[in-house]
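Read off the chains here:
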Amino acid sequence: MSQPSQFHEPDQRTQDKFVKSWDLIVDFYDGSSMRTFLGNNLADLMVQFVKSMQSEGYNRSLRAGQVMHHLVLSRSREHGSLGRCHLSFDPEYGTYEVNGQRKTVQALRVSYRVDGRILDDFAEDDIVFTDRIRTLLQTLSAQPLE
């Protein structure tokens, strides 16, 4: 088991990098190329989702990044590293017509991995910050910095 001293908060320089990474992710989802790829509705939902986690301070303890259009959070000090523990979010959004009625479907696939193994994997019916996601963020935030 890890020593408690390993579970410290990032120093100011690392914390500043974490905060900046979240701002860059907001810009990424809000940018024209992602709006073209994902569509305005999904891009707006992802921006709101990211900002809701930022407002609770997770941007000070976790690095935000992306793989393709998936949001990835980790405790990695280095940009581009997933680290041994990470949390990923894969957004889905679609509008369909069934029996002449338009139906909108949205979902968020959430996956928590440690050392390449999936420890938790589920789909939320909406792209919103839920208690289940909050619990995973707290678990990830308690991991040692890498």
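Since we're looking at a predicted model, the values are computed, not measured.

Colleague: Can you walk me through the packing of aromatic side chains in this structure?
Modeller: Aromatic rings in a pair are described by how distant their centres are and how their planes are angled relative to each other. The final tally for this structure, using the stated rule, is three aromatic pairs. With 5.0 Å between their ring centres and 70 degrees between their planes, Phe-28 and Tyr-29 make a pair best called edge-to-face. The exposure class of Phe-28 is partly exposed, given its relative accessible area of 21%. For the pair Tyr-58 and Phe-129, a centre-to-centre distance of 6.2 Å together with 90 degrees between the ring planes defines the contact as edge-to-face. Taken together, the residues Tyr-58 in the loop between α3 (40-55) and β1 (63-67) and Phe-129 in the loop between β5 (117-124) and α4 (131-141) connect sequence positions 71 residues apart. Across from the ring centre of Phe-122, 3.7 Å away, lies the NZ or CZ of Arg-132, which sits over that ring.

Colleague: For this particular structure, what's the right way to read helix α1 (residues 12-30)?
Modeller: Each full turn of the α-helix corresponds to 3.6 residues, which orients residues three or four apart in the same direction. For α1, with 19 residues, the first-to-last C-alpha span of 27 Å sits near the 27 Å given by 1.5 Å per residue. Among the residues of α1, Thr-14, Gln-15, Phe-18, Ser-21, Trp-22, Ile-25, Val-26 and Tyr-29 are the ones counted as buried. Burial along α1 is one-sided: seen end-on, the buried residues are contained in an arc of 140 degrees. Counted as exposed and oriented over 90 degrees from the buried face of α1: Gln-12, Arg-13, Lys-20, Leu-24 and Asp-27. Its buried side turned inward, α1 meets α2 (32-38), α3, β1 and β2 (70-74).

Colleague: Looking at this model, I keep getting lost on the pairing of β2. Mind explaining?
Modeller: On a regular strand, each side chain points to the face opposite its neighbour's, so the side chains alternate between the two faces of the sheet. Where burial is concerned, most of β2 is hidden: four out of the five residues are buried. As paired strands, β1 and β2 are joined by five bridges and run antiparallel to one another. Across the sheet, Ala-64 pairs through a bridge with Leu-73, a residue of β2. The hairpin turn running from β1 into β2, its antiparallel successor, is two residues long, and Met-68 in that turn takes a positive phi close to 60 degrees.

Conventions adopted
Residues numbered from 1 in each chain as written. Predicted model: local features only at pLDDT ≥ 70, side-chain atom pairs only at ≥ 80, totals over all residues. Heavy atoms only, no water. Phe/Tyr/Trp six-rings, centres within 6.5 Å; stacked < 30°, edge-to-face > 60°. Buried < 20%, exposed > 50% of the residue type's maximum accessible area, 1.4 Å probe, protein only. Helix = DSSP H or I, 4+ residues; strand = E, 2+ residues; numbered from the N terminus. Lys NZ or Arg CZ within 6 Å of the ring centre and 35° of its normal. Expected span 1.5 Å × (residues − 1). Arc of directions from axis to C-beta. Contact = heavy atoms within 4.5 Å. Pairing = 2+ DSSP bridges.

No statement about biological role is implied by the geometric values presented.
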